[in-house]
Amino acid sequence: MEKQTPSRHYCEEQIRRILMTEVLQHGRNTQFKSAKDFMKYFESLYPPGPALTKQVQRAIKSMDMPRDKNGFLIIDKSKGQLTQDKELALFLNRANALEEDMSPLEFLFLRTELRYRDYLLQLIRESDTLRGKYYTALPSSDGILFFCPNKNRLSSLLENLKRLDR
């Protein structure tokens, strides 16, 4: 008995499996751009012919996978994700974004009355005296949280600033 041409759904599953294997082995797809690149696999299981070729082409088309800049199919992202990733990459590069190791930083929590927190945070961010003494200051539910290289130095500066009002 001769093998039938596989269903489009079956072809999609096999293509997905082939591409996932490729990504797991090489980190990305470096071999598959079109239906013809999958034909060797399908022709090893089914009789070659126009019906098989058409079915694999339909499967590729229905999967609607995005392609990288070299035309290789991308299995692990939708076209929407790829568009988002490209915009994110553009602005990461434009902003000269660099990863910083936060492990050596210390934390300082400044408890404040909620009604003054946002304005106080604005004044802290604008302060020439405090500039460079912390990496970031974030509003929290009961005050302001600082990530800083030396919490004792920042604490001392904040205490000295409070004394100016006495």
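Just so you know, these numbers come straight off a predicted model, no measurement behind them. (Residues numbered from 1 in each chain as written. Predicted model: local features only at pLDDT ≥ 70, side-chain atom pairs only at ≥ 80, totals over all residues. Heavy atoms only, no water.)

## Focus: the overall build of the protein
Then comes step 1: When its secondary structure is counted, the protein shows 6 helices and 3 strands.
Then comes step 2: Traced from its N-terminal end to its C-terminal end, the protein shows the element sequence α-α-α-α-β-α-β-β-α.
Then comes step 3: Computed over the C-alpha atoms, the radius of gyration of the protein is 29 Å, more than 25% above the 15 Å expected from 2.2 N^0.38 for a compact globule of 166 residues.
Then comes step 4: Residue pairs in contact within the protein that sit at least 24 positions apart in sequence constitute 54% of those at least 6 positions apart.
Then comes step 5: Once the 28 positive and 22 negative side-chain charges of the protein are each reduced to a mean point, those two points are 4 Å apart. (Helix = DSSP H or I, 4+ residues; strand = E, 2+ residues; numbered from the N terminus. Rg over C-alpha atoms; globule rule 2.2 N^0.38 Å. Contact = heavy atoms within 4.5 Å. Lys, Arg positive; Asp, Glu negative; His and termini not counted. Charge placed at Lys NZ, Arg CZ, Asp CG, Glu CD.)

## So, the packing of aromatic side chains
Then comes step 1: Under the counting rule described, the total for this entry stands at 5 aromatic pairs.
Then comes step 2: Look at Tyr10 and Tyr46: their rings are 6.2 Å apart centre to centre, the planes differ by 75 degrees, and that puts the pair in the edge-to-face class. Here the residue Tyr10 occupies a position in helix 1 (residues 8–26), and Tyr46 occupies one in the loop between helix 2 (39–45) and helix 3 (50–63), the gap between them amounting to 36 residues.
Then comes step 3: Using a relative accessible area of 27% as the deciding quantity, one classes Tyr10 as partly exposed.
Then comes step 4: With a centroid separation of 4.9 Å and 75 degrees between ring planes, the pair formed by Phe107 and Phe147 is classed as edge-to-face. One end of the pair, Phe107, is in strand 1 (residues 106–111); the other, Phe147, is in strand 3 (residues 143–148), with 40 residues separating them in the sequence.
Then comes step 5: Take Phe107: its relative accessible area is 48%, and that puts it in the partly exposed class. (Phe/Tyr/Trp six-rings, centres within 6.5 Å; stacked < 30°, edge-to-face > 60°. Buried < 20%, exposed > 50% of the residue type's maximum accessible area, 1.4 Å probe, protein only.)

## Concerning the layout of surface pockets
Then comes step 1: A volume near 380 Å³ is recorded for the largest pocket.
Then comes step 2: Surrounding the largest pocket, 13 residues form its lining, Leu120, Ile124, Leu158, Leu161 and Lys162 being those nearest its centre.
Then comes step 3: Per-class residue counts for the lining of the largest pocket are 7 nonpolar, 2 polar and 4 charged.
Then comes step 4: The computed volume of the second largest pocket comes to approximately 250 Å³.
Then comes step 5: Lining the second largest pocket are 14 residues, with Arg28, Asn29, Asp68, Ile74 and Asp76 positioned closest to its centre.
Then comes step 6: Residues of the lining of the second largest pocket, tallied by class, amount to 6 nonpolar, 3 polar and 5 charged. (1 Å grid on protein atoms, 1.4 Å probe; cavity = no way out; pocket = protein on both sides within 12 Å on 5 of 7 lines; lining within 4 Å. Points joined across faces, edges and corners; volume = space filled by probe spheres on them. Nonpolar A, V, L, I, M, F, W, Y, C, P; charged D, E, K, R; others polar.)

## Side note on the environment of Ser62
Then comes step 1: In this structure, Ser62 sits in helix 3.
Then comes step 2: Placed 53 residues apart in sequence, Ser62 and His9 show a C-alpha to C-alpha distance of 9.4 Å.
Then comes step 3: With residues near it in sequence (within four places) discarded, Ser62 still touches Arg8 and Glu12.
Then comes step 4: Within the local environment of Ser62, its side chain forms a polar contact with the side chain of Arg8, the two groups lying 3.0 Å apart.
Then comes step 5: Polar contacts involving the side chain of Ser62 include one to the main-chain carbonyl oxygen of Ala59, which spans 3.1 Å. (Polar contact = N/O pair within 3.5 Å; in protein donor to acceptor, adjacent residues only side chain to side chain.)

## Remarks on the sheet that holds strand 3
Then comes step 1: Read across the open sheet, the 3 strands follow the order 1-3-2; overall the sheet is antiparallel. On the outer flanks of this sheet lie strand 1 and strand 2 (136–140), each paired with one strand and no other. Along the sheet, successive strands turn relative to each other by an average axial angle of 20 degrees, direction set aside.
Then comes step 2: Sheet topology note: the strand 1/strand 3 ladder contains 6 bridges and is antiparallel. Bridge pairing links Leu108 to Phe146 in strand 3.
Then comes step 3: Contacts from helix 5 (residues 114–126) reach strand 1, strand 2 and strand 3 within the one sheet, and its direction differs from that of strand 2 by about 175 degrees.
Then comes step 4: Along the sheet, helix 6 (residues 151–163) contacts strand 1 and strand 3; its crossing angle with strand 1, the most-contacted strand, is approximately 25 degrees. (Pairing = 2+ DSSP bridges. Axes fitted to C-alpha atoms, helices over the stretch in contact; angles between N-to-C directions.)

Any link to function would need more than the numbers given here.
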